[in-house]
Amino acid sequence: MKNSEIIFAKKEKLIPIAGDFFLKDIVSLDQFNQKSIELLFRQVTKIKKTSTKKLLKILSGKIVGLLFFEPSTRTFSSNSAAVKRLGGQTIEYQNPLQTSSVVKGETIEDTTKMIEQYTDVIVMRHPMVGTLEKVAEVANIPVINAGDGIGEHPTQALLDMFTVYEKHKHLDNIKGLMVGDLLNGRTVHSIIKGFSIFPNNTLYLLSPEQLRLSKKDLDEAKRRKIKLIEIKSFEEIPADCHFWYWTRVQKERFADKQEYEKLKLSFILTKKLVGKKAGKNTLIMHPLPRVGEIETAVDADPRAVYLTTEAKNGMYVRMALFSLILSNGKKV
Ligand code: NCD
């Protein structure tokens, strides 16, 4: 969202959230600090306790545009449900490449300028890294990044961090394990930035050699407060992690499908591994969808939250974000 004074100026960098979320864009975890994450999480807790009747007033009369240029189940539905539970309405494009004027060659800038005439916030997912920054630059209303290619997925990271916080009551001194496609997983990129905001956090990284976190991201982490430790096998998983975060190998990012087939099931989470290596309080997480990398036998374990709490928190965190962005957290 442009500041009205600099409406024609090019936005040089993302605007930090700092003290408040009112009319701000959410594009990257780089915009956050401890204060803004704590503010958001307080709002999530409040939202969870607020009556349905009161919630329905928060976005009454507001319309949110959901434009998803890539497939989505949870992010799309939880955003849509969040708006509706707050009494707002949505304009939804699940497949703009087939159903909108984009098919006629309209640019993303023009599509954004059109949708903002009808809506109060735009939530967008797009296959190209950096698109949401561009969209935020041209938009005069707030925009939320729902995933830009292999770039970032800030709201998923926030809901994942909230899930960790709700369980462990702190976001510093955390020991986590991230497994799978760390190169292409946008949720992973945002989570690493997110945990680097708080002190004394260590993330253990386990992936096939070809899907290691990029050198750029590893170097970047060195400049931040976070400790990243690459490991090579299940044997090296440390005891008593606060969470395990499994991810899918991102098929759609592979030019060579044979390479994908070779790597897709490199690290499968089994009931046996949980029994052997997970701690009593280790949360077992996954942004979903899973495509074979977690055995269904793990689902019934009370530590496994991917199909339950983690998914549900997606809706609550988005409700909190909409309420902060559009009504500055009031009415709760
Ligand atoms: C993730 C995504 O789209 O980046 N899913 C999600 O939003 N919950 C992870 C994935 O697709 O693997």
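This text goes with the structure placed above it.
Since we're looking at a predicted model, the values are computed, not measured.

### Here we look at the overall build of the chain
Along the backbone of the chain there are 12 helices and 9 strands. Taken over C-alpha atoms, the radius of gyration comes to 19 Å for the chain, in line with the 20 Å a tight globule of 332 residues would show. When the backbone C-alpha atoms are referred to their principal axes, the chain occupies close to 55 × 45 × 35 Å. A total of 332 residues make up the chain; the buried ones form 55% of that total. Partitioning the contacts of the chain with sequence separation of at least 6, the portion at a separation of at least 24 is 73%. With the model as given, the accessible surface of the chain reaches about 15000 Å², and the carbon-plus-sulfur share is 53%. Within the chain, the 38 negative side-chain charges are centred at a point lying 6 Å from the centre of the 52 positive side-chain charges.

### Some thoughts on the sheet that holds strand β1 (residues 63–68)
Spatially, β2-β1-β3-β4 is the arrangement adopted by the 4 strands of the open sheet, whose pairing is parallel. Every other strand in the sheet has two partners, leaving β2 (89–93) and β4 (143–148) as the edge strands with one partner each. Taking each pair of neighbouring strands and ignoring which way they run, the sheet shows an average axis angle of 15°. Summarising the sheet, β1 and β2 pair through 5 bridges and their orientation is parallel. The partner of Leu-67 across the bridge, within β2, is Tyr-93. Against the sheet, helix α6 (residues 131–138) engages β3 (121–126) and β4, with an angle of about 165° to β4.

### Section: the site of the ligand
Every residue close to the ligand is listed here: Thr-75, Arg-125, His-153, Gln-156, Arg-186, Thr-187, Arg-248, Gln-250, Pro-287, Leu-288 and Pro-289. Here a nitrogen atom of the ligand sits 2.9 Å away from a polar atom, N or O, in the main chain of Pro-287. In isolation the ligand has 310 Å² of accessible area, and contact with the protein removes 94% of it. Given that more than half its atoms are within 2 Å of the pocket grid, the ligand belongs to the second largest pocket.

### Comments concerning the side chain of Ser-78
Mapped onto the fold, Ser-78 is located in helix α3 (residues 74–85). A relative accessible area of 8% means that Ser-78 is categorised as buried. Here the side chain of Ser-78 touches Arg-74 through a polar contact of 2.7 Å, landing on its backbone oxygen. Beyond its immediate stretch of four places on either side in the chain, Ser-78 contacts Gly-314, Met-315 and Arg-318.

### Focus on the packing of helix α7 (residues 154–168) against helix α12 (residues 309–327)
Direction vectors running N to C along α7 and α12 enclose 115°, while the axes themselves pass 8 Å from each other. Our classification of the angle between α7 and α12 gives roughly perpendicular. When you trace α7 past α12, the crossing you get is right-handed. Where α7 abuts α12, its residues Thr-155, Gln-156, Leu-158, Leu-159, Asp-160, Phe-162, Thr-163 and Glu-166 lie against Thr-309, Glu-310, Asn-313, Gly-314, Val-317, Arg-318 and Leu-321. By residue class, the composition of the contact of α7 with α12 is 5 nonpolar, 6 polar and 4 charged.

### A short note on the nonpolar core
With 62 residues, the main nonpolar core has Ile-37, Leu-40, Phe-243 and Phe-322 as its most contacted residues. Among the elements that line this core, the one with the most residues is α12, at 10 residues. With 21 residues, the next largest nonpolar core counts Leu-177, Val-274, Ile-294 and Ala-304 among its residues.

Rules behind the numbers
Residues numbered from 1 in each chain as written. Predicted model: local features only at pLDDT ≥ 70, side-chain atom pairs only at ≥ 80, totals over all residues. Heavy atoms only, no water. Helix = DSSP H or I, 4+ residues; strand = E, 2+ residues; numbered from the N terminus. Rg over C-alpha atoms; globule rule 2.2 N^0.38 Å. Buried < 20%, exposed > 50% of the residue type's maximum accessible area, 1.4 Å probe, protein only. Contact = heavy atoms within 4.5 Å. Areas by Shrake-Rupley, 256 points an atom, 1.4 Å probe, with all protein chains shown as cover. Lys, Arg positive; Asp, Glu negative; His and termini not counted. Charge placed at Lys NZ, Arg CZ, Asp CG, Glu CD. Pairing = 2+ DSSP bridges. Axes fitted to C-alpha atoms, helices over the stretch in contact; angles between N-to-C directions. Near = heavy atom within 4 Å. Polar contact = N/O pair within 3.5 Å; in protein donor to acceptor, adjacent residues only side chain to side chain. 1 Å grid on protein atoms, 1.4 Å probe; cavity = no way out; pocket = protein on both sides within 12 Å on 5 of 7 lines; lining within 4 Å. Sits in = over half its atoms within 2 Å of the grid points. Parallel < 35°, antiparallel > 145°, perpendicular 65-115°, else oblique. Left-handed = near helix turned anticlockwise from the far one by under 90°. Nonpolar A, V, L, I, M, F, W, Y, C, P; charged D, E, K, R; others polar. Core = buried A, V, L, I, M, F, W, Y, C linked by side-chain atoms within 4.5 Å.

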